[in-house]
Amino acid sequence: MSQPTYDVVAIGNAIVDVLSQSDDAFLAEAAMTKGSMQLMFSPEEADALYAKMGPGIEASGGSAANTVAGIAAMGGKCGFIGQVASDELGDIFAHDIRAVGIDFTTAARDGDPTTARCLIFVTPDGQRTMNTFLGASQFLPESALDRDLIANAAILYLEGYLWDPEEPRQAMRAAIDVARSAGRKVAFTLSDIFCISRHGGDFRQLMADGLIDIMFANEAEITALMDNQDFDAAVAAAASQVPMLVVTRSEKGAIAVSGGQTVSVAAEPIERVVDTTGAGDLFAAGFLRGQAQGKSIADSLKMGAVCAAEIISHYGARAQVDLKALIASKLG
């Protein structure tokens, strides 16, 4: 087996985020569930909600894209596969992800629908409520896969959000086959309870078939996936089916279970939670960067916690400090 030339290649939604401050009253009036993600099914719906937003910040996003952007910021070599449209937002996404050193070669898609966007309302307690129009990202075809890119990555990272539409789901199944045939690891993030409610059976089958090496989840997701509200029991059940399970627990830190051993890390202290957008994405970035460097599980968890703390201390899901230097100062 050849040595990988990339640390992580991710497949996910190619989305441009628009973040705006809001309050609980607005969320209630708009019938949003605070802290959750809900889909918008037409550009008209997205435009109507966008018109109600206050002043916003635009930034390229998408869960898996945020993760590889974080890894690249720590010095890792990454690639990203995701579908944009031939429009202004598509150009913004492509420019932003390439500007941070990530290889992105997926051809833009002509015609409707437009590039995906996520309208994010951030309340004073730092919670983010997301409203996503998936647009062109739902139409990532298997033919768009860069198989050489996938085969040359130590880890293939897949985003649960993208499992919902049929076309990219088939593309990700094919990507798993490419990665495993090349002897690479496959990491998967559950993304949201919404995804589990629709595709939990698929996710559990991937685990049972031995196709997932590293599974990322938060507390709510792991209990939903295993249909067991007892956290410890749900973790034990899931951990028996994957070589490594990583579960984030917000202010309680995170755990990783591998080979029957559980390692935990405390959450990094910060002065104030400003915006939780991207916390899980950047935790995964720190953890995967550590694993790609051959670091211990404990150190990888610490790297994840440091990255997550940096992200929630400001608006947006892309780092605003030198993550490489920050990690070095925390790990010594």
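Bear in mind that the values here come from a model prediction, so they are computed numbers and not experimental data.

Each value, and the rule that gives it
- Residues numbered from 1 in each chain as written.
- Predicted model: local features only at pLDDT ≥ 70, side-chain atom pairs only at ≥ 80, totals over all residues.
- Heavy atoms only, no water.
- UniProt positions renumbered as here; feature names shortened; annotations may be inferred.
- Helix = DSSP H or I, 4+ residues; strand = E, 2+ residues; numbered from the N terminus.
- Buried < 20%, exposed > 50% of the residue type's maximum accessible area, 1.4 Å probe, protein only.
- Contact = heavy atoms within 4.5 Å.
- Salt bridge = Lys/Arg side-chain N within 4 Å of Asp/Glu carboxyl O.

Side note on the UniProt feature "domain: Carbohydrate kinase PfkB" (unreviewed entry) in the chain
Stage number 1. In the UniProt entry, the feature "domain: Carbohydrate kinase PfkB" (unreviewed entry) is given for residues 60-320.
Stage number 2. Across residues 60-320 one finds 40% helix and 20% strand; the C-alpha atoms that close the span lie 14 Å apart.

Looking at the environment of Val186
Stage number 1. Relative to the helices and strands, Val186 is located in strand β10 (residues 185-189).
Stage number 2. Look at Val186 and you get buried, because its relative accessible area is 0%.
Stage number 3. Here the alpha-carbon distance between Val186 and Asp213, two residues 27 residues apart in the chain, equals 5.3 Å.
Stage number 4. In this view, Val186 contacts Leu156, Leu158, Ile176, Ala179, Arg180, Leu211, Ile212, Asp213 and Ile214; residues no more than four positions away in its chain are not counted.

Describing the pattern of salt bridges
Stage number 1. Under the counting rule described, the total for this entry stands at 12 salt bridges.
Stage number 2. Of the charged contacts, one joins Asp47 and Arg117 as a salt bridge, the two residues approaching to 2.8 Å between their closest N and O atoms. Placement of the pair is Asp47 in helix α2 (residues 43-52) and Arg117 in strand β7 (residues 116-122), with a sequence separation of 70 residues.
Stage number 3. For Arg117, a relative accessible area of 12% gives the class buried.
Stage number 4. Between Arg180 and Asp213 there is a salt bridge whose closest N-O contact spans 2.9 Å. In this pair, Arg180 sits in helix α6 (residues 166-181) while Asp213 sits in the loop between α7 (193-208) and β11 (214-218), placing the two residues 33 residues apart along the sequence.

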